Amino acid sequence: MITLITGASKGIGNAISHALADKGYDLILNSRTVSELKSLKQEMQTLHPGIEITLLPADLSEEKARNQVLEYLIKKFAQIDLLINNAGIYLPGSMIEEPDDHLTQSIALNLMAPYHLTRGLFPLLKKSSGGQVINICSIASLSAFPNGGAYSISKHAVLGFSRNLREEL
């Protein structure tokens with residue numbers, strides 16, 4: 001089972017990486033920080049020497065980086081069985097007072113990255129007998145909260161994207 005996990009080096013992504021490695025999944029791990037990815041790979045290889053681990057350091061909020069990641073994956077892999085869109089950013093602030101770029105940054109990583117990765121990798125997911133996409137949202141995708149303006153807006157959008165994807169597929 002070949003799985004791509006974005007935002008793999010910290011928090012939920014790190015926990016998912018470990019859980020899937022425990023099950024013997026081969027992993028493609030993405031994060032912005034090369035040193036954290038290398039450390040995670042070393043830890044995983046020690047605990048699970050039988051799995052294959054590919055590192056993809058990239059800031060998926062940047063269109064050029066996303067395109068390079070997609071190009072690499074399409075060339076290297078015949079199929080991907082599971083895509084876990086986990087990478088995200090939380091920039092606290094109220095909608096009225098937060099800096100103008102908070103929404104742009106939040107949408108770029110929290111929504112545009114999963115949207116474009118899912119679309120770009122769909123041919124590889126389709127080749128898998130049970131290809132799946134998991135989008136990690138947040139409780140903020142269900143209800144707004146104080147000081148979570150841009151984050152909550154972007155996570156509501158991810159939930160809408162997920163629902164639409166489910167209907168189409």
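Residues numbered from 1 in each chain as written. Predicted model: local features only at pLDDT ≥ 70, side-chain atom pairs only at ≥ 80, totals over all residues. Heavy atoms only, no water.

> Whenever I open this one, the overall build of the protein confuses me. Can you help?
Secondary structure assignment for the protein yields 5 helices and 5 strands. Start at the N end of the protein and walk to the C end: the helices and strands fall as β-α-β-α-β-α-β-α-β-α. Compactness check: the protein gives a C-alpha radius of gyration of 16 Å against a globular reference of 15 Å for 169 residues, within 12% of the reference. Principal-axis analysis of the C-alpha atoms gives the protein an extent of 50 × 35 × 30 Å. (Helix = DSSP H or I, 4+ residues; strand = E, 2+ residues; numbered from the N terminus. Rg over C-alpha atoms; globule rule 2.2 N^0.38 Å.)

> It is not clear to me how the pattern of salt bridges should be interpreted in this structure. Could you clarify?
Between side chains of opposite charge, a pair can form as their charged atoms come close. For the coordinates displayed, the defined rule picks out 2 salt bridges. Across the pair K10 and E36 runs a salt bridge whose closest N-O atoms are separated by 3.8 Å. Taken together, the residues K10 in the loop between β1 (2-5) and α1 (11-22) and E36 in helix α2 (residues 34-47) connect sequence positions 26 residues apart. Relative accessible area serves as the criterion here: at 28%, E36 is assigned to the partly exposed category. (Salt bridge = Lys/Arg side-chain N within 4 Å of Asp/Glu carboxyl O. Buried < 20%, exposed > 50% of the residue type's maximum accessible area, 1.4 Å probe, protein only.)

> Mind showing me how you'd approach the nonpolar core here?
Nonpolar side chains tend to gather and get buried jointly when the protein is soluble and globular. Grouped together as the largest cluster of nonpolar side chains are 21 residues, with contacts concentrated most on L4, I28, L60, V69, L73, I80 and L121. Listed by contribution, the elements that provide at least two residues to this core are α3 (63-76) and α4 (101-127). Here this core gets 6 residues from one element, more than from any other, and that element is α4. The contact partners of L4, leaving out residues within four places of it in the chain, are I28, L56, L73, I80, L82, L83, I84 and L121. Counting residues in each nonpolar core, the second largest holds 15 residues, with A21, L27, M44 and L82 among its members. (Core = buried A, V, L, I, M, F, W, Y, C linked by side-chain atoms within 4.5 Å. Contact = heavy atoms within 4.5 Å.)

> What exactly am I supposed to notice about the packing of α3 against α4 here?
In a pair of packed helices, the angle between the axes and the distance between the axes together describe the arrangement. As a packed pair, α3 and α4 sit with axes 10 Å apart at the nearest point and diverge in direction by 25 degrees. Considering their axes alone, α3 and α4 lie roughly parallel with respect to each other. As for how α3 packs across α4, the hand of that crossing is right-handed. For the pair α3 and α4, the contacting residues are R66, V69, L70, L73 and I74 in the first and A108, M112, A113, H116, L117, G120, L121 and L124 in the second. (Axes fitted to C-alpha atoms, helices over the stretch in contact; angles between N-to-C directions. Parallel < 35°, antiparallel > 145°, perpendicular 65-115°, else oblique. Left-handed = near helix turned anticlockwise from the far one by under 90°.)

> Would you explain α1 in this entry?
Because an α-helix completes one turn every 3.6 residues, residues spaced three or four positions apart along the sequence face the same direction. The terminal C-alpha atoms of α1, which comprises 12 residues, lie 17 Å apart, in line with the 16 Å expected from a rise of 1.5 Å per residue. Among the residues of α1, those classed as buried are G13, N14, I16, S17, H18, L20 and A21. Where the residues of α1 are buried, they touch β1, β2 (26-31), α2 and β4 (82-85). Note on α1: the residue one or two positions beyond its end, G24, has a positive phi of about 90 degrees. (Expected span 1.5 Å × (residues − 1).)

> Looking at this model, I keep getting lost on the environment of L165. Mind explaining?
Note that L165 resides in helix α5 (residues 149-168). Given the relative accessible area of 16%, L165 is considered buried. If sequence neighbours within four positions are ignored, L165 has contacts with T118 and V133.

> Honestly, the packing of aromatic side chains in this entry has me stumped. Any pointers?
To describe a pair of aromatic rings, one takes the distance between the centres and the angle between the planes. Tallied over the full model, the rule gives 4 aromatic pairs. For the ring pair Y90 and Y151, a centre distance of 5.1 Å and an interplane angle of 90 degrees mean the geometry is edge-to-face. Note that Y90 is positioned in the loop between β4 and α4 and Y151 in helix α5, a separation of 61 residues in sequence. A relative accessible area of 14% places Y151 in the buried class. A ring pair is formed by Y115 and F161, whose centres lie 5.7 Å apart and whose planes are at 65 degrees; its orientation type is edge-to-face. Of this pair, Y115 sits in helix α4 while F161 is found in helix α5, placing the two residues 46 residues apart along the sequence. (Phe/Tyr/Trp six-rings, centres within 6.5 Å; stacked < 30°, edge-to-face > 60°.)

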